[in-house]
Structure formats: C-alpha cells, structure tokens
Amino acid sequence: MSTNSLFIPVILGTVRKGRTSEDVARFVFEETKKRAGVETELIDIRDIKLAVDDAGESIKDSKFSATVERADGLVLVVPEYNHGYPGMLKHVLDSNLKEYVHKAVGICGVSAGGFGGTRVIEQLLPVLRELGLVTIFWDGNFSHAQNLFDAEGKLLDESHIKKIDKFLGELIWMSKVLRYGRENVAV
Ligand SMILES: Cc1cc2nc3c(=O)[nH]c(=O)nc-3n(C[C@H](O)[C@H](O)[C@H](O)COP(=O)(O)O)c2cc1C
C-alpha cells in the first residue's frame with residue numbers, strides 16, 4: 001500500500017461477551033478494506049488492556065496511541081447501552097488526546113431496538129468534538145442488530161451495503177480534506 005493511502009481503522013467499541021457489534025464491525029471493516037487508497041485495521045477494545053484504577057493519558061497503551069496517531073480517520077462501531085455508550089469505550093477514548101486532533105470520525109450505532117443506535121450516536125458526538133475529532137454528517141445505523149447476521153456473521157440485510165458505501169464515501173472525503181489541512185494549512 002502506498003504511503004499516500006489513507007489509514008482509517010475500525011474500532012469495535014464494546015467488550016461485552018456475545019456482542020452483536022462484532023458482526024457489524026467485521027462487516028464495516030470488510031467494506032472499508034474494499035475502498036481504493038484506504039488502509040484499515042480492526043481494533044477490538046477488548047485487546048487494549050488499560051488500567052481501571054486510573055484514567056486519561058497516564059494509562060495510554062502505546063500501540064493503540066500509535067495507531068490513532070497514524071490514522072487519518074476513525075470508524076467507531078458503538079452499541080447503545082441504556083441510550084448511552086459503553087463505559088469501556090469512553091475509558092479507551094480518554095487515554096489519548098493530541099492523537100485525534102483534526103482527524104475525521106464516523107459512528108456506526110448498533111441497537112436491539114428500532115432506532116439504529118441514534119441515541120448513542122447523539123450522546124457520543126460532544127465527546128468526540130472535545131477530543132478534537134471532526135464528525136461527519138452521515139452515520140451507520142444498525143437496528144434490530146440481533147436479526148441482521150446469520151450464525152457465521154454473514155449480513156442478511158444487503159441494504160446496509162449501499163448505506164455503508166455512502167457513509168464511507170463521506171468519511172474518506174473528510175479524512176482526505178483534513179489530511180490536506182494538517183499537512184498544508186497553518187494552525
Ligand atoms: C447494558 C445494556 C443496555 C442496553 N440498552 C439498550 C438500549 O438502550 N436500546 C437498545 O435498542 N438496545 C439496548 N441494548 C441492546 C444492545 O443494543 C444490543 O445488544 C445490540 O446488539 C448492540 O449491543 P451488543 O454489541 O453488546 O450486542 C442494551 C444491551 C445492554 C447489554
């Protein structure tokens with residue numbers, strides 16, 4: 001992959017055993033991999049072993065921080081838990097700061113109910129803004145997530161392919177624009 005490729009990792013934002021968000025994250029990851037000029041990686045927050053008796057930048061995981069530092073954009077796959085985001089995702093996000101600044105982010109909400117995680121997305125937006133990320137105006141919405149995949153994790157509702165294509169198109173555009181800005185426009 002050329003060094004000009006954009007790097008847009010997909011973050012699976014829950015540690016819950018039996019999580020359906022994992023199927024969603026794998027689907028979005030595979031769709032991201034198909035995009036020309038984009039390099040990606042699937043990051044499972046379960047694999048980021050942060051201390052839980054402290055918080056913030058002092059508990060940074062160097063590998064995760066280096067990945068975010070290298071990223072031009074992020075996809076967050078986030079389940080809705082009592083209309084909010086998983087605490088473990090916030091704990092992981094809080095461990096970096098300057099690594100996020102002037103980078104693009106898109107959210108895929110996952111819910112058992114019919115609102116496609118729109119409530120968790122709305123809750124997360126101000127957090128991402130404070131981290132210095134630039135949110136896009138297109139989301140992924142995975143309602144009734146428990147019915148969307150078969151036992152092997154294969155997507156059953158193909159309408160999501162077109163929707164994620166549009167989401168990724170916008171995220172890639174914003175990632176490109178912000179990379180240009182970081183490299184060429186003085187702050
Ligand atoms: C603690 C908890 C709270 C939840 N709250 C909601 C909710 O507010 N709205 C909703 O639609 N689904 C809710 N769900 C269901 C999840 O959204 C559902 O399991 C979905 O598949 C995404 O989460 P998962 O990746 O953990 O499976 C909740 C699940 C858990 C474990």
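Rules and cut-offs
- Residues numbered from 1 in each chain as written.
- Predicted model: local features only at pLDDT ≥ 70, side-chain atom pairs only at ≥ 80, totals over all residues.
- Heavy atoms only, no water.
- Near = heavy atom within 4 Å.
- Polar contact = N/O pair within 3.5 Å; in protein donor to acceptor, adjacent residues only side chain to side chain.
- Nonpolar A, V, L, I, M, F, W, Y, C, P; charged D, E, K, R; others polar.
- Axes fitted to C-alpha atoms, helices over the stretch in contact; angles between N-to-C directions.
- Helix = DSSP H or I, 4+ residues; strand = E, 2+ residues; numbered from the N terminus.
- Parallel < 35°, antiparallel > 145°, perpendicular 65-115°, else oblique.
- Left-handed = near helix turned anticlockwise from the far one by under 90°.
- Contact = heavy atoms within 4.5 Å.
- Buried < 20%, exposed > 50% of the residue type's maximum accessible area, 1.4 Å probe, protein only.
- Pairing = 2+ DSSP bridges.
- Salt bridge = Lys/Arg side-chain N within 4 Å of Asp/Glu carboxyl O.
- Core = buried A, V, L, I, M, F, W, Y, C linked by side-chain atoms within 4.5 Å.

Peer 1: Looking at this structure, how should I read the site of the ligand?
Peer 2: The immediate surroundings of the ligand are formed by 14 residues, with R16, T20, S21, Y81 and N82 found nearest. Here an oxygen atom of the ligand sits 2.5 Å away from a polar atom, N or O, in the side chain of S21. Its residues assigned to classes, the shell around the ligand shows 5 nonpolar, 6 polar and 3 charged.

Peer 1: Explain the packing of helix α1 (residues 21-33) against helix α5 (residues 159-184) to me, please; I cannot follow it from the model alone.
Peer 2: Helix-helix packing is described using two parameters, namely the angle between the two axes and the distance between the axes. Here α1 crosses α5 at 60°, and the two axes come no closer than 10 Å. The orientation of α1 with respect to α5, classified from their angle, is oblique. The handedness of the crossing between α1 and α5 is right-handed. Across the interface between the two elements, F27, V28, E31 and T32 of α1 pack against H160, I161, I164 and L168 of α5. Considered class by class, the residues forming the contact of α1 with α5 number 5 nonpolar, 2 polar and 1 charged.

Peer 1: Teacher, can you tell me more about the pairing of strand β5 (residues 73-79) here?
Peer 2: On a regular strand, each side chain points to the face opposite its neighbour's, so the side chains alternate between the two faces of the sheet. With 7 of 7 residues buried, β5 lies mostly within the body of the structure. Side chains of β5 alternate between two faces, with G73, V75, V77 and P79 and L74, L76 and V78 buried alike. Bridge count for strand β2 (residues 10-12) against β5 is 3 bridges, and the pairing is parallel. In the strand pairing of β5, L12 is matched with V77. As defined by bridge partners, β5 adjoins strand β6 (residues 103-110) across 7 bridges and the pair is classed as parallel.

Peer 1: Looking at this structure, how should I read the pattern of salt bridges?
Peer 2: Pairing is possible between side chains that carry opposite charge, provided their charged atoms lie close to one another. Under the definition given, this model contains 14 salt bridges. Salt-bridge contacts for E80 lead to R119; the nearest nitrogen and oxygen are separated by 3.0 Å. Within this pair, whereas E80 is found in the loop between β5 and α3 (87-93), its partner R119 is found in helix α4 (residues 118-131), the two being separated by 39 residues in sequence. Using a relative accessible area of 32% as the deciding quantity, one classes R119 as partly exposed. Note that K90 and D94 form a salt bridge whose closest N and O atoms lie 3.0 Å from each other. Residue classification places D94 among the partly exposed residues on the basis of a relative accessible area of 26%. Connected via shared salt-bridge partners are R19, E22, R26 and D44.

Peer 1: Help me understand the nonpolar core, please; the structure alone is not making it clear to me.
Peer 2: It is characteristic of soluble globular proteins that their nonpolar side chains tend to be buried jointly. V28, V75, V77, C108, F142 and I164 are the most contacted members of the largest nonpolar core, which has 28 residues in total. Counting residues per element, the ones that place at least two in this core are β2, α1, β5, β6 and α5. With 7 residues, the top contributor of residues to this core is α5. Filtering out sequence-adjacent residues up to four positions away, I164 remains in contact with F27, V28, E31, C108, G140 and F142.

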